[in-house]
Amino acid sequence: MVSVSDFDVVPDRCRSNSPISSHSPRRISSSRRSHSSSSLSFSSWYRRKRTKVLLALIALLASFFVVNWIMLVRLQHQHDGPHPIPKPTPPSSVSVSLQGKWNKSGNRKKSQKGNYVRMLALTAHALAENKREPKDLWLEPFAPASVWRPCADQRNWAPNEGNNGYILVTANGGINQQRVAVCNAVVVARLLNSTLVVPKFMYSSVWRDVSQFSDIYQEEYFINYLTPDIRIVRELPNELQSLNLEAIGSVTDVDMEKEAKPRFYLKHILPIILKNQVVHFVGFGNRLAFDPIPFELQRLRCRCNFHALQFVPRIQETGALLLKRLREHAGLIGPLDRYLVGPFAESIKEESGNHEKKASKYLALHLRFEIDMVSHSLCEFGGGEEERKELEAYREIHFPALALLKKTTKLPSPSELRAEGLCPLTPEEAILMLAALGFNRKTHIFVAGSNLYGGSSRLVALTSLYPKLVTKENLLSSAELEPFANYSSQLAALDFIGCTASDAFAMTDSGSQLSSLVSGYRIYYGGGKMATIRPNKRRLASIFVKNSTIEWRVFEQRVRKAVRQTKHVQTRPKARSIYRYPRCKECMCRTD
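Bear in mind that the values here come from a model prediction, so they are computed numbers and not experimental data.

Let us look at the pairing of strand β2 (residues 166-171). The element β2 is largely enclosed, with a buried count of six among its six residues. Of the two faces of β2, the one holding Tyr166, Leu168 and Thr170 and the one holding Ile167, Val169 and Ala171 are both buried throughout. In terms of strand pairing, β2 meets strand β3 (residues 195-197) through two bridges, oriented parallel. When the bridges of β3 are listed, Ile167 appears paired with Leu196. As for the winding sense of the linkage, the β-α-β connection from β2 through helix α5 (residues 175-191) to β3 is right-handed. The pairing of β2 with strand β7 (residues 278-284) spans six bridges and is classified as parallel.

Here we have five strands laid out as an open sheet, ordered β10-β9-β8-β11-β12, and parallel in their pairing. A single partner strand is all that each edge strand has here, and the edge strands are β10 (469-470) and β12 (531-533). Relative to β10, strand β9 (residues 444-448) runs parallel, the two being bridged by two bridges. When the sheet's bridge partners are listed, Ile445 is paired in β10 with Leu469. Most of the contacts of helix α24 (residues 513-526) go to strand β11 (residues 504-507), to which it runs at about 155 degrees, and overall it touches β8 (362-366), β11 and β12.

Right, let's get into the state of the cysteines. Disulfide: a covalent bond connecting the sulfur atoms of a pair of cysteines. Per the stated rule, a full pass over the model turns up three disulfides. In this model Cys379 forms its disulfide with Cys423; the gap between the sulfur atoms is 2.0 Å. Across the S-S bond linking Cys379 and Cys423, the dihedral sits near -95 degrees, which makes this disulfide left-handed. Highlighted residues: Cys379 in the loop between α15 (371-377) and α16 (384-398) and Cys423 in the loop between α18 (414-419) and α19 (427-437), separated in sequence by 44 residues. In the protein, the cysteines engaged in disulfides, taken in order along the sequence, are linked 1-6, 2-5, 3-4. Cysteine Cys183 is unpaired, with the sulfur of Cys304 as its nearest cysteine sulfur at 3.2 Å. In this structure Cys584 is not part of a disulfide, and its nearest cysteine sulfur, from Cys587, lies 4.3 Å away.

The next thing to look at is helix α23 (residues 488-500). With 13 residues, α23 extends 18 Å between its outermost C-alpha atoms, agreeing within 8% with the 18 Å of an ideal straight helix rising 1.5 Å per residue. Within α23, ten of the 13 residues are buried, leaving the element largely enclosed by the surrounding structure. Among the residues making up α23, those that are buried are Ser489, Gln490, Ala493, Leu494, Asp495, Phe496, Ile497, Gly498, Cys499 and Thr500.

In the structure shown here, the tally under the stated rule is 23 aromatic pairs. Seen from their ring centres, Phe311 and Phe496 are 5.9 Å apart, and the 75 degrees between their planes marks the pair as edge-to-face. In this pair, Phe311 is assigned in the loop between α11 (295-308) and α12 (313-327) and Phe496 in helix α23, connecting sequence segments 185 residues apart. Each member of the pair, Phe311 together with Phe496, is buried. Centroid distance Tyr521 to Tyr525: 5.2 Å. Interplanar angle 50 degrees. Geometry classified as tilted. Remark: Tyr525 and Tyr521 occur in helix α24; sequence separation between them is four residues, near one turn of the helix. When its relative accessible area of 11% is taken as the criterion, Tyr525 is described as buried. A cation over an aromatic ring shows up here: Arg155 above the ring of Tyr225, its NZ or CZ 5.1 Å from the ring centre. One residue, Arg190, lies across the ring of Trp157, its end atom 3.7 Å from the ring centre.

So, on to the packing of α5 against α24. Here α5 crosses α24 at 60 degrees, and the two axes come no closer than 8 Å. Considering the angle they form, α5 stands oblique to α24. Every pair of crossing elements has a handedness; the one defined by α5 and α24 is left-handed. From α5, Asn176, Gln177, Arg179 and Val180 reach across to α24, where they touch Gln513, Leu514, Leu517 and Tyr521. In terms of residue class, the contact of α5 with α24 is made up of four nonpolar, three polar and one charged.

To continue, consider the pattern of salt bridges. If you walk through the whole model with that rule in mind, you get 23 salt bridges. A salt bridge links Glu346 to Arg338; its shortest N-O distance comes to 2.6 Å. The partner of Glu392 in a salt bridge is Lys406, with the nearest N and O atoms 3.8 Å apart. Of this pair, Glu392 sits in helix α16 while Lys406 is found in helix α17 (residues 400-408), placing the two residues 14 residues apart along the sequence.

What counts and what doesn't
Residues numbered from 1 in each chain as written. Predicted model: local features only at pLDDT ≥ 70, side-chain atom pairs only at ≥ 80, totals over all residues. Heavy atoms only, no water. Buried < 20%, exposed > 50% of the residue type's maximum accessible area, 1.4 Å probe, protein only. Helix = DSSP H or I, 4+ residues; strand = E, 2+ residues; numbered from the N terminus. Pairing = 2+ DSSP bridges. Right-handed = clockwise from strand over helix to strand, strands pointing away. Contact = heavy atoms within 4.5 Å. Axes fitted to C-alpha atoms, helices over the stretch in contact; angles between N-to-C directions. Disulfide = S-S within 2.5 Å. Expected span 1.5 Å × (residues − 1). Phe/Tyr/Trp six-rings, centres within 6.5 Å; stacked < 30°, edge-to-face > 60°. Lys NZ or Arg CZ within 6 Å of the ring centre and 35° of its normal. Parallel < 35°, antiparallel > 145°, perpendicular 65-115°, else oblique. Left-handed = near helix turned anticlockwise from the far one by under 90°. Nonpolar A, V, L, I, M, F, W, Y, C, P; charged D, E, K, R; others polar. Salt bridge = Lys/Arg side-chain N within 4 Å of Asp/Glu carboxyl O.

This is the structure in structure tokens:
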């Protein structure tokens, strides 16, 4: 923001250096009267020129104030609903769907961006300067990353006959939690020498989606690809279908420890299968440890995630259309397109009309700022008492165990959680981070997870600063999205494709499954070319807390340093997710 203090001192070089001073006590001698008229004419000319210069400075100052006022009004203005959007051309405003009453009430409360008005104004000025982007902004450390190549498709064992009975799995959560559950179930089936029934997906009161496995993934491909590893069937045999599974063989996630070791399954689950010929895992999710796991079982886990799970054709086809419109020009097939959209990758190349223009690079931004994440974090986001009541009510319904724990146990305060980097970044914090990293105003940004807590007004600051910001709802017409209406998991699959294929991907919450799976997929198939921005939220929290005083240059330097420290190539840390960190001997092989 331009300040009056920037202009209230005129530099010495702008002051009058006239040879005639009205304060001089000297009289003009008669010998110099012949020059008086020319001197007086020069004085008059100089006064007129100085007046014009001063008027020009005043006009310049006034224009700066007007521009600042307009920017602040745009940043502070609250929009109550989405703008009409022409389809399928990307617009300058973003349509955001709301999650029922939670987001509607969120629209009425104070926005978190009230904390960042000053920083957003500074950002607007920085972007207006249109500085050159840093050279490494769209790049990964290529040399150390490119020595790793995918090899989880290699097998070194005989097929499993599945003689010990059947495993039924009902996976909970959204599409990403379900994907992890499926891969874990495949490994457990091999571990117990059991036959896996094609997993089912539990209906969630949060996601409200009735989609099943075959609505999202190619079932036949899944079965055939994993046949050399385990036996998979679509249904239980007739003689077992009449069994009361709840009475004889149901195991809920409550009955199991989180990330249980293989010995737990051998000791507690295998006897159930041998006795009843079937076990049913209800609410199965992250219930298999990442370490210690035998080499081939860990490789099977990677094989399932990166090879066996292919989206159904209608998701692939729409995903290919999304990628083509995101890139805008040229028939470019990205490095990951064929793994994500299969044969429909060719349609990106064949149907593009303009091959002369270079394809547009785009950044994918995952804003994990939906009501469930916001509520579960136990953080505060600037909404005061109304926000606290709203999030507590949501917890009572959807996270009763957490709500009870909050009442009975002294937990860290919201400010302590934020200081430790345990709060999701708000949309305003995310956009400040991107601007500080150097992404210019013309950057194409694809936003995944657009059902933001607080509604459409939360994206106003983002679109004011980055007018080429879009969601899948902007790029795809109503008719193209209609087959996926009311199926949040299938819509999330489109977000997965858009994020994974992007030239750069920025996550805002390191703990979300989508960010983990997308970043892992980009590592596995990206060949060291797919840049991923992983913010250190603890470091960023210490920077954002100074938002009322910090200057833009210092803010920019500190943010770049905090993010640069996370941009390195590392092998999988012990006990960490193999889906997020596939650089390990079980999943990938080194070429050096």
